[in-house]
Each structure stands twice: as structure tokens, then as C-alpha cells.
Amino acid sequence: MFRPLLALAALTALTACSSTPMAQVQPIDGVISGQCHVDKVIGAVGLAASAATVERARVDSDSLQVVVLRGQRTESGPTASGAANPSPGAESGGERLTIETGRTNNITAIYCG
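Report on the accompanying structure. (Residues numbered from 1 in each chain as written. Predicted model: local features only at pLDDT ≥ 70, side-chain atom pairs only at ≥ 80, totals over all residues. Heavy atoms only, no water.)

Before going further, it helps to examine the overall build of the protein chain. Helices and strands together make up the secondary structure of the protein chain, namely two helices and three strands. Helices and strands in the protein chain line up, N terminus first, as α-α-β-β-β. Buried positions account for 30% of the 113 residues belonging to the protein chain. Of the contacts made within the protein chain by residues no fewer than 6 positions apart, 69% connect residues no fewer than 24 positions apart. Here the protein chain displays about 7400 Å² of accessible surface, and carbon together with sulfur accounts for 59% of that area. (Helix = DSSP H or I, 4+ residues; strand = E, 2+ residues; numbered from the N terminus. Buried < 20%, exposed > 50% of the residue type's maximum accessible area, 1.4 Å probe, protein only. Contact = heavy atoms within 4.5 Å. Areas by Shrake-Rupley, 256 points an atom, 1.4 Å probe, with all protein chains shown as cover.)

Another point: the side chain of S63. Along the chain, the position of S63 falls in the loop between α2 (51–60) and β1 (65–70). S63 sits in the buried class, given a relative accessible area of 0%. Apart from the residues within four sequence positions on either side, S63 is in contact with I32, C36, R58, E95, R96 and L97.

It is worth spelling out the nonpolar core at this point. Within the largest apolar cluster, 13 residues are counted, with the highest numbers of intra-cluster contacts made by C36, V38, A57, L97, I99, I107 and I110. Elements supplying a minimum of two residues to this core: α2, β2 (96–101) and β3 (107–112). In terms of residue count, the dominant contributor to this core is β3 (three residues). (Core = buried A, V, L, I, M, F, W, Y, C linked by side-chain atoms within 4.5 Å.)

Further remarks concern α2. Think of an α-helix as turning once every 3.6 residues; residues three or four places apart then point the same way. Those residues of α2 not exposed but buried are V54, A57, R58 and V59. Phi for D62, located one or two positions after α2, is positive at around 65°.

Here we take up the side chain of T101. Examined against the element boundaries, T101 turns out to sit in strand β2. Residues in contact with T101, not counting those within four places in the same chain, are A49, V68, L69, R70, G71, N106, I107 and T108.

Side chains that differ in sign of charge can pair as their charged atoms come close. Taken as a whole, this structure holds two salt bridges when the rule is applied. With its nearest N and O atoms 2.6 Å apart, the salt bridge here joins E55 to R58. Highlighted residues: E55 and R58, both in helix α2, separated by three residues, approximately one helical turn. Accessibility expressed as a relative area gives 29% for E55, which makes it partly exposed. Residue R58 is classed as buried on the basis of its relative accessible area, which comes to 14%. The closest approach of N and O atoms between R56 and D60, which form a salt bridge, is 2.7 Å. With R56 and D60 both in helix α2, this residue pair falls four residues apart, about one helical turn. (Salt bridge = Lys/Arg side-chain N within 4 Å of Asp/Glu carboxyl O.)

By themselves, these observations are geometric and do not establish any function.
Here's what the structure looks like:
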């Protein structure tokens, strides 16, 4: 009596732990223009450069391509005084978003080009 119930409980528990695929990242208006705009993604500076974060930044910036570079920066974005420049390159234009990462894989800079 208890074995089938125990097997059913184990199966239910294993099914609940299965991973579901992440939904594909889509632009809000449904179209990516291909003209990079950093102002929409500057908040990603300081976050971990995971595949999901990089793809979300590409879509939100309206870029067709994204390049992740290992940067030479020691700072991870703007300070409270605003001393660091988190977007040292172009603020807009082109079809490519460039993301620089630090030694701990955090995003240190984002710019177009």
C-alpha cells in the first residue's frame, strides 16, 4: 500500500525539480532596429556578465550584435561621485554593443561600437 504511494511521491518530487527552459528574450516593441543605444542598458554595469544578462542588454540596446571583451578597468562602473565613465565609447550608433568585463566577470563598461 505504501510503496505505490511512496513511488508516486518520489516521482512528483523529481518532476517538480526539473528545470524549465528560459523564455527567449524579445524586444518590447517586437523589432530590433540595429542602432545601438547605451542609455537603455547602462544599469547593467556592475552586474555579472551571464549569458542571459548579455543577451538582455543586446536586445534592450537595439543592437544586432554583442561583443564581450575582457577589459583592463579596475573600477566597476560609476562611483557615487560619478567619477568613472561606464560608457567610454559611443553612446549610440552602429549595430554592435560592446560589453567589457572585469576580472570577476562583472560588467565594467558598456558602449556602442
